[in-house]
2 protein chains.
Amino acid sequence: MASLIVPDSIPSVAEDCEQLHKAFSGWGTNEDLIIDILAHRNAAQRKHIRQVYAETYGQDLLHSLEQELSSDFERIVLLWTLDPAERDAVLLNESTKRWTSNSQVILEIACTRSSHTLLLAKQAYHARFKKSLEEDVAAHITGDFRKLLVPLVSTYRYEGPEVNTTLAKHEAKILHQHISEKEYNHEEILRILTTRSKTQLFATFNHYNNEFGTAITKDLKAAAAEDDFVTALKCAIKCLVTPEKYFEKVLRSAINKTGTDEWALTRVVATRVEVDMNVIKEEYYRRNTVQLDHAIKRDTSGDYERMLVALIGA
Amino acid sequence: MASLIVPDSIPSVAEDCEQLHKAFSGWGTNEDLIIDILAHRNAAQRKHIRQVYAETYGQDLLHSLEQELSSDFERIVLLWTLDPAERDAVLLNESTKRWTSNSQVILEIACTRSSHTLLLAKQAYHARFKKSLEEDVAAHITGDFRKLLVPLVSTYRYEGPEVNTTLAKHEAKILHQHISEKEYNHEEILRILTTRSKTQLFATFNHYNNEFGTAITKDLKAAAAEDDFVTALKCAIKCLVTPEKYFEKVLRSAINKTGTDEWALTRVVATRVEVDMNVIKEEYYRRNTVQLDHAIKRDTSGDYERMLVALIGA
């Protein structure tokens, strides 16, 4: 499901480092060379390159990249080159600082990652920021958003295949009742969304649909127009049970905006290429009848465009 | 700090298993032999014994022990023999079911374990009960207790030595303000207690004491007499910053009761022997001018007594 293309035969790590170092030397930077190497190495290989680069040239590769590159191209290369757990930690930390529209990023990472992947991000957060994700989210976000986001980033969900059907029916009823009464921030809604396993939630939302005739996301959609918190709830549900649809929507909004939302586009590409980008691409095509790489090419340019297209594996 | 005594030279695992199997054979059970072996093996050794025993005799050692032993002796042997993470999972699961007075156990485990140890317990909970600790605590406990306990079991605290002094002063003030106004369940109190690192909290409580002239636990003590939730808050604070004092108190209450509280005595011994039992023993002596093993001998009898005393290393 990952879109990353790693050639069958690749140069040694030492050669990769030498080439990258060359790319930074002399007048100007050889961006094509950077893309050729970094966009076609997996997480373990990039980590190894960073290690050997630091040992050989006495400087963090990320620091060199930061000095040489700029704007959107810089951001995609830096985010991509980071270890996935560290990348999530960096994105989360950014989002705790400017939470206005960025609580979405917290929600996205908390709900689309597996329990283990989220744990690795929290460990990377400890190592890099010398504090916990939980304390930063709790300290910087207030009100209903805090009540939703803190448990979402804290919980260590069960991931087995078991479904308790009685429970699913019971909790579908609880959700429907509070949503009907417009009690969107009711603690029972929050409890169910923030603690149950994704498989269990999937069953619960199915029962909701079967029993009450409308999908839970549809029931929330009307209220979401006027209430950011309801939007967040809807978004959490999509992230939990249909992440590929959630990411397709983020890409669609990012690309179709007047003025591309590079911030979102970069984030989704950097974080999903090694996970489920091919599923997202299929979903994108199904929804837009345009291939994602064509849409991206139409909307971006230069090194940034080349890097994105190399990553999503046109 | 652990009180466990493992002899310098011990029999092979196969011999241990054979001896244990013999102890169960024929008429009656050889309890002394069980104590001699199991009370003097560390977690890794006990795990190995369980593996080899199952391979050799086709039965889980715990199941054999369950069949042969009874009452308090059975419980201490079973709890002790379990892997520490699985033991915590079992204790937590019991407590979500009969939560009346047992929310204390949840609180104790959540606050006295390191982040990593708590994580291992949560993983063991997944494996054994096919669901998450968070969902069980959230589903079975309600009201203010839920608001305290769910984040306590969920959070993955930072454990580095860094202290932010400005923050400690600021949050000491927040705590003092809400406690003065008897808003014990205020979400800011819960936020601070459930997300900050233990080192940071230690500094915060020190500032509280310095700035306002009374320890935070003292300020809570008066209200605790009439309010179980305040008792829980006080208990969480003790568990977080002075666990040895907390455990001394649990042991003291368990032993000095009319009728020993074997449930609590067994739990504390089984869970602390390999961690900090020697510190707890010192604290017990300091507070009661009686050695813990003497107090236990006076209050218990038979195999149960012998097992406890063997474990706490008289």
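Since we're looking at a predicted model, the values are computed, not measured.

**Focus: the nonpolar core**
Core analysis: the biggest nonpolar cluster contains 99 residues, and Leu65(A) and Ile76(A) have the highest contact counts within it. Among the elements that line this core, the one with the most residues is helix α15 (residues 228-241) of chain A, at ten residues. Counting 98 residues, the second-largest nonpolar core is a separate cluster that includes Leu20(B), Leu62(B), Val269(B) and Leu308(B).

**Looking at the relation of the copies chain A and chain B**
Take chain A, turn it by 180°, move it 0.0 Å along the axis, and it overlays chain B with an RMSD of 0.0 Å. The superposition of one copy onto the other is thereby described by a two-fold rotation axis. Ranked by how close their C-alpha atoms come to the rotation axis, the residues of chain A are headed by Ser154(A), at 2.6 Å. Counting the interface residues of chain A, we find that 100% of their copies in chain B are interface residues as well, pointing to one common contact surface.

**A few points about the UniProt feature "binding site: Ca(2+) 2" (unreviewed entry) in chain A**
Residue and element names in this part refer to chain A. The UniProt record marks Ile255 and Lys257 with the feature "binding site: Ca(2+) 2" (unreviewed entry), using the residue numbering of this structure. Note that Ile255 resides in helix α16 (residues 243-256). With residues near it in sequence (within four places) discarded, Ile255 still touches Thr260, Leu265, Tyr284, Leu292, Ala295, Ile296 and Asp299. Relative to the elements of secondary structure, Lys257 occurs in the loop between α16 and α17 (262-272). Owing to a relative accessible area of 46%, Lys257 belongs among the partly exposed residues under this scheme.

**Details of the pattern of salt bridges**
Tallied over the entire structure, the rule returns 42 salt bridges over all chains. Residue Arg75(B) pairs with Glu94(B) through a salt bridge whose shortest N-O separation is 2.9 Å. In this pair, Arg75(B) is assigned in helix α5 (residues 71-81) and Glu94(B) in helix α6 (residues 84-97), connecting sequence segments 19 residues apart. Overall, Arg75(B) belongs to the buried group, its relative accessible area being 14%. With a closest N to O distance of 2.9 Å, Glu248(B) and Arg252(B) form a salt bridge. In this pair, Glu248(B) and Arg252(B) are both assigned in helix α16 (residues 243-256), four residues apart and thus about one turn of the helix distant. Residue Glu248(B) is classed as buried on the basis of its relative accessible area, which comes to 2%. Taking the relative accessible area as the measure of exposure, Arg252(B) reaches 16% and is therefore buried. Salt bridges here are not isolated pairs; linked through shared partners, they connect Glu135(A), Arg146(A), Glu171(B), Glu187(B), Glu188(B), Arg191(B) and Arg196(B).

**Some thoughts on a positive patch on the surface**
Side chains of Lys218(A), Lys221(A), Lys249(A) and Arg287(A) sit close together on the surface and give a patch of like positive charge. Note on Lys221(A): relative accessible area 55%, which makes it exposed.

**A word on the packing of helix α3 (residues 43-57) of chain A against helix α4 (residues 61-68) of chain A**
All names here are of chain A. For the pair α3 and α4, the least separation of the axes is 8 Å and the interaxial angle reads 85°. Taken together, the axes of α3 and α4 are roughly perpendicular relative to one another. For the pair α3 and α4, the contacting residues are Ile49, Arg50 and Tyr53 in the first and Leu61, Leu62 and Ser64 in the second. Each residue belonging to the contact of α3 with α4 can be placed in one class, and the counts come to four nonpolar, one polar and one charged.

**What about the UniProt feature "binding site: Ca(2+) 1" (unreviewed entry) in chain A?**
Residues and elements named next belong to chain A. When the UniProt feature table is mapped to this numbering, "binding site: Ca(2+) 1" (unreviewed entry) covers Phe24, Gly26, Gly28, Glu68, Gly259, Asp299, Thr300 and Glu305. The named residues occupy 282 residues along the chain; their greatest pairwise C-alpha distance, 34.2 Å, places them well apart from one another. With respect to the element layout, Gly259 can be found in the loop between α16 and α17. Overall, Gly259 belongs to the partly exposed group, its relative accessible area being 48%.

**Some details on the packing of aromatic side chains**
Counted according to the given criterion, the structure contains twelve aromatic pairs over all chains. Between Tyr53(A) and Tyr57(A), the aromatic rings sit 5.0 Å apart at their centres with planes inclined by 50°, giving tilted as the arrangement. Pair noted here: Tyr53(A) and Tyr57(A) are both in helix α3, with a separation of four residues, about one helical turn. Tyr53(A) gets classed as buried once you look at its relative accessible area, which sits at 1%. With centroids separated by 5.8 Å and ring planes inclined at 85°, the aromatic side chains of Phe145(B) and Phe229(B) adopt a geometry described as edge-to-face. Of this pair, Phe145(B) sits in helix α10 (residues 143-154) while Phe229(B) is found in helix α15 (residues 228-241), placing the two residues 84 residues apart along the sequence. Judged by its relative accessible area of 22%, Phe145(B) falls in the partly exposed class. Among the aromatic side chains, those forming a connected cluster through ring pairs are Phe24(A), Tyr53(A) and Tyr57(A). The ring of Trp80(B) has Arg46(B) lying over it, and the distance from NZ or CZ to the ring centre is 3.7 Å.

**Examining the interface of chain A and chain B**
In this assembly, 25 residues from chain A lie in contact with 25 residues from chain B. With both sides pooled, the region where chain A packs onto chain B buries about 2400 Å², and carbon together with sulfur makes up 55% of that total. Among the residues of chain A in contact with chain B, Glu135(A), Tyr156(A) and Tyr158(A) are the three that bury the most area, contributing 27% of the side total. The interface formed by chain A and chain B includes six salt bridges. Between Glu135(B) and Arg196(A) there is a salt bridge, with its nearest N and O atoms 2.7 Å apart. Where chain A meets chain B, there are twelve residue pairs in polar contact (both at pLDDT 80 or more). The residue inventory of the side of chain A that touches chain B, partitioned by class, reads five nonpolar, seven polar and 13 charged.

Conventions we followed
Residues numbered from 1 in each chain as written. Chains lettered and ligands numbered in written order. Predicted model: local features only at pLDDT ≥ 70, side-chain atom pairs only at ≥ 80, totals over all residues. Heavy atoms only, no water. Core = buried A, V, L, I, M, F, W, Y, C linked by side-chain atoms within 4.5 Å. Buried < 20%, exposed > 50% of the residue type's maximum accessible area, 1.4 Å probe, protein only. Helix = DSSP H or I, 4+ residues; strand = E, 2+ residues; numbered from the N terminus. Least-squares fit on C-alpha atoms with pLDDT ≥ 70 in both. Contact = heavy atoms within 4.5 Å. UniProt positions renumbered as here; feature names shortened; annotations may be inferred. Salt bridge = Lys/Arg side-chain N within 4 Å of Asp/Glu carboxyl O. Patch = residues over 30% accessible without salt bridge, like charges linked within 9 Å, V, L, I, M, F, W, Y side chains within 5 Å. Areas by Shrake-Rupley, 256 points an atom, 1.4 Å probe, with all protein chains shown as cover. Lys, Arg positive; Asp, Glu negative; His and termini not counted. Charge placed at Lys NZ, Arg CZ, Asp CG, Glu CD. Axes fitted to C-alpha atoms, helices over the stretch in contact; angles between N-to-C directions. Parallel < 35°, antiparallel > 145°, perpendicular 65-115°, else oblique. Nonpolar A, V, L, I, M, F, W, Y, C, P; charged D, E, K, R; others polar. Phe/Tyr/Trp six-rings, centres within 6.5 Å; stacked < 30°, edge-to-face > 60°. Lys NZ or Arg CZ within 6 Å of the ring centre and 35° of its normal. Buried area = accessible area lost by both parts, 1.4 Å probe. Polar contact = N/O pair within 3.5 Å; in protein donor to acceptor, adjacent residues only side chain to side chain.

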